[in-house]
Amino acid sequence: MKTGSRILVIDDDQDFVQALVALLEREGHTVLTAHNGRDGVLSAQRERPDLILLDVMMDERTEGFFVAQELRRIPGLTDVPIFVVSSVYTEQPSLKVEPDRAWLGHDAFYRKPIDPNALLADIRAAIAARPGAAVRGATP
Amino acid sequence: MDEAQRGETIVVIDDDHAMRLACEQALAKVGFTVSTYADGAHGLEAVGAARPGLVVVDLKMPGLSGLDVISRINAIDPTITIVVITGYATIGTAVDAMKAGAYDFLPKPFSPDELRLIVRRGFERRRLQMASQQCEIERELERRRFVTFVSHQLKTPLVAVHQYLDVLRQLGETPEAAAKRQEWLGRCLTRTDELRHLIDDWLTLAQLDGGLLGRQRTRLDLSDTVTSVLQTYEAMAARDGVTLTAELAEPIPVHGDPTCVGVLIDNLVANAIKYNRRGGTVTVRGRRAGGEVVVEVEDTGVGVPPDALPRLFDEFYRVRQPGTPKIEGTGLGLPICRRIAAEMGGVIEVESIEGTGSTFRVRLPDAEAAVPVPATGRSS
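Per chain, the residues get numbers from 1 upward, laid out in the order the sequence is written. Think of it this way: whatever chain is written first is A, whatever ligand is written first is 1, and the rest follow in order. Where local features are concerned, this predicted model is filtered to residues with pLDDT of at least 70; where side-chain atom pairs are given and counted, the filter is 80 or more; whole-chain, interface and lining totals use all residues. Water and hydrogen atoms were dropped before computing side-chain values, which therefore reflect all heavy atoms in the structure.

Draft legend 1. Quick look at the nonpolar core. Among buried residues, those of type Ala, Val, Leu, Ile, Met, Phe, Trp, Tyr and Cys that are joined through side-chain atoms within 4.5 Å constitute a nonpolar core. The buried label goes to any residue with under 20% of its type's maximum accessible area, the exposed label to any with over 50%, and the partly exposed label to all in between, with areas taken from a 1.4 Å probe on protein chains only. Ranked by internal contacts, the top residues of the largest apolar core, which has 69 residues, are I10(A), I52(A), L54(A), L71(A), L222(B) and L268(B). Runs of H or I in DSSP of at least four residues are treated as helices and runs of E of at least two as strands, each being numbered from the N terminus. A per-element tally of this core places helix α9 (residues 258-274) of chain B first, with nine residues. Aside from chain neighbours lying at most four places away, what touches I10(A) is A34(A), N36(A), G37(A), G40(A), I52(A), L53(A), L54(A), D55(A), M58(A), V67(A) and L71(A). In this analysis, two residues are considered to be in contact whenever any of their non-hydrogen atoms come within 4.5 Å of each other.

Draft legend 2. Highlighting the pattern of salt bridges. Salt bridges, as used here, are contacts in which a Lys or Arg side-chain nitrogen is within 4 Å of a carboxyl oxygen on Asp or Glu. Across all of its chains, the model carries 33 salt bridges over all chains by this definition. Two residues, D15(A) and R187(B), come together in a salt bridge whose shortest N-O distance is 2.7 Å. Of this pair, D15(A) sits in helix α1 (residues 14-26) while R187(B) sits in helix α6 (residues 175-209), which puts the two residues in different chains. Under the relative-accessibility criterion, R187(B) is labelled partly exposed at 27%. Here D209(B) and R339(B) are joined by a salt bridge, their closest N and O atoms 2.6 Å apart. Taken together, the positions of D209(B) in helix α6 and R339(B) in helix α10 (residues 333-343) put the pair 130 residues apart, joining distant regions of the chain. Given a relative accessible area of 39%, D209(B) falls into the partly exposed group. Taken together, the shared-partner salt bridges connect E247(B), R285(B), R287(B), E292(B), E296(B), E298(B), E349(B), E351(B), R361(B) and R363(B) into one network.

Draft legend 3. Main features of the packing of aromatic side chains. Paired rings are identified among Phe, Tyr and Trp, the last through its six-membered ring, by centres lying within 6.5 Å, and are further divided according to the angle between planes into stacked (under 30 degrees), edge-to-face (over 60) and tilted (the rest). Scanning the model with the defined rule gives seven aromatic pairs over all chains in all. Judged by centre distance (5.4 Å) and plane angle (10°), the ring pair of F32(B) and F123(B) falls under stacked. Highlighted residues: F32(B) in the loop between α1 (17-28) and β2 (33-37) and F123(B) in helix α5 (residues 112-171), separated in sequence by 91 residues. The class of F32(B) is buried, set by a relative accessible area of 4%. Judged by its relative accessible area of 3%, F123(B) is buried. Here F313(B) and F360(B) contribute two aromatic rings whose centre-to-centre distance is 6.3 Å and whose plane-to-plane angle is 80°, an arrangement assigned as edge-to-face. With a gap of 47 residues between them, F313(B) in the loop between β10 (292-299) and α10 and F360(B) in strand β12 (residues 357-365) connect regions that are remote in the sequence. The class of F313(B) is buried, set by a relative accessible area of 11%. By the ring-pair criterion, three or more aromatic residues cluster together here, those being F146(B), W202(B) and F316(B). Lysine and arginine charges are scored as sitting over a ring when NZ or CZ, respectively, is within 6 Å of the ring centre and within 35 degrees of the ring normal. A cation over a ring is seen here: K112(A) above F16(A), with NZ or CZ 4.4 Å from the ring centre.

Draft legend 4. The interface of chain B and chain A, seen in detail. Taken together, the contacts link 24 residues of chain B with 24 residues of chain A. Counting each side, the surface lost to burial between chain B and chain A is near 2,300 Å², with a carbon and sulfur contribution of 55%. Buried area adds together the accessible area that both of two parts lose upon being put together, with accessible area traced by a 1.4 Å probe. When residues of chain B are sorted by the area they lose upon contact with chain A, H152(B), Q163(B) and Q170(B) head the list and together hold 26% of the total. Joining chain B to chain A, the criterion identifies three salt bridges. N or O atoms closer than or at 3.5 Å make up a polar contact, with two conditions inside protein: a donor-capable atom paired with an acceptor-capable one, and, for residues adjacent in sequence, both atoms drawn from side chains. One can count ten residue pairs in polar contact (both at pLDDT 80 or more) joining chain B with chain A. Put simply, the parts of the chain that give the side of chain B that touches chain A at least two residues each are α5 and α6 of chain B. In terms of residue count, α5(B) provides more of the side of chain B that touches chain A than any other element does, 15 residues in total. Classification used: nonpolar for Ala, Val, Leu, Ile, Met, Phe, Trp, Tyr, Cys and Pro, charged for Asp, Glu, Lys and Arg, polar for all others including Gly. Residue composition of the side of chain B that touches chain A, by class: eight nonpolar, six polar and ten charged.

Draft legend 5. A look at the confidence of the model for chain A. In this model, chain A carries an average pLDDT of 81, and 75% of its residues clear a pLDDT of 70 or more. Note on scores: pLDDT gives the predictor's confidence for each residue, bounded by 0 and 100. pLDDT under 50 marks residues 133-140 of chain A. Its contacts with residues more than four places away, or in other chains, come to five contacts.

Draft legend 6. Representation of the sheet that holds strand β5 (residues 104-107) of chain B in the model. Residue and element names in this part refer to chain B. If you trace the five strands from one edge of the open sheet to the other, you get β2-β1-β3-β4-β5, paired in parallel fashion. Both outer strands of the open sheet, β2 and β5, are each paired with one neighbouring strand and no more. Direction aside, neighbouring strands of the sheet carry axes that sit 20° apart on average. Pairing of strand β1 (residues 9-13) with β2, which is carried by five bridges, proceeds in the parallel orientation. Paired with I13 across the strands is Y37, a residue of β2. Lines fitted to C-alpha atoms define the axes here, with helix axes fitted over just the stretch in contact, and angles between the N-to-C directions of these axes take values from 0 to 180 degrees. The strands touched by α1 are β1, β2 and β4 (81-86); relative to β2, the strand with the most contacts, the crossing angle is about 175°. The pairing criterion is simple: DSSP has to find at least two bridges between the two strands.

Here it is, written out as structure tokens:
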């Protein structure tokens, strides 16, 4: 089933982005990319994607934290699913930090590298759960 | 009064009613918030509830003694400053009070000015103590942030390689996958190289910091080092269309670890080529000057924006500007150079004009200097 959603990937690692683009495009999605937070916000404002994949540690070290907040303030994007994707968080007990959902305002969190099947399944679920999905003709 | 101390809270504990009144008046008059208690038990209760900045306590009281009060205040909050009031007969006990953690003592009789002076000094010391505690906390936080950051830097290339491989497997044996495979495998090799360099550089830094590298002291001629480094970069320079030239006094005697000196010059020359432009030049100058030797590596490259200069020698710092091509590097080369120069008792400096070029200058002690130049590096 092709959902044909528009997904914005904001990440400064071009190789990681390239791999994700291939994966998402094969699934029938249209992928927009931005390599830093500033371009990501501009692109989100202009393109109104259906879902956003957001990296945390970009040029300004923790840029993604602030980008998430900014994205949430864009009219029309207040409830767009944001999946935060980062390798900064670790399972190692001494360094374990969990992203603060209340503050970051994200909908899901992935440690890099991402399991392709899990990501695709979660994207399908998140997009189907949005009110807009029914309008576009998907089964509610 | 000192405006910074206005409104600070003080608890006075003394069984003598006249003394409580005198202290309260002397301190409240200049803006302190004062409460007084007639015995240790009530005083401690108030200290626990109100957490004053400072406590004035009489040493000789019925019930709980002043010394007991001091140790219990310390148990409640060790940052509370304690001033003890003592009669001349109990000076010996005052010394015990200081050992128990009191900040200072005030022998009776004292004037209001004497009390105010000692209280102000107490608050000032407390302020300095808290500021230094704050610094310690910030240093620890910075250290933890750095560990997180380093592990992120090391994981980044690994994650890219893993993601390529996992997606390739997911795409299966389709024509589109076949087209990507060749390109992606090339990228995987580049990223594993990046990780290898990162680990090598990180190890070099750790060894320099841990004293495992750079302690060897051999007499070296920097002219030889520069000449041999330039030879190894001839091919890379020719490929990039950059001309290498050397202007060297001979010899340039220094004491140092041959490996480290090689790494130092190598990193500077490599940067000068990488951040250059086609048709540009790299000039390495070496001379002896008044007890030190100076080596300059000058390029005609992209230069460094003024706001990036102070952070240039920080670990993992990379100058990133829109419009300039992304140049491969670990962000550890210059921090390594700075450590090596310091280890040899020298310094490294940079001058740069954005868009025109940079000059990195290393100044090291001259091994044949008439008067030995004192080392400025780490001495542990």
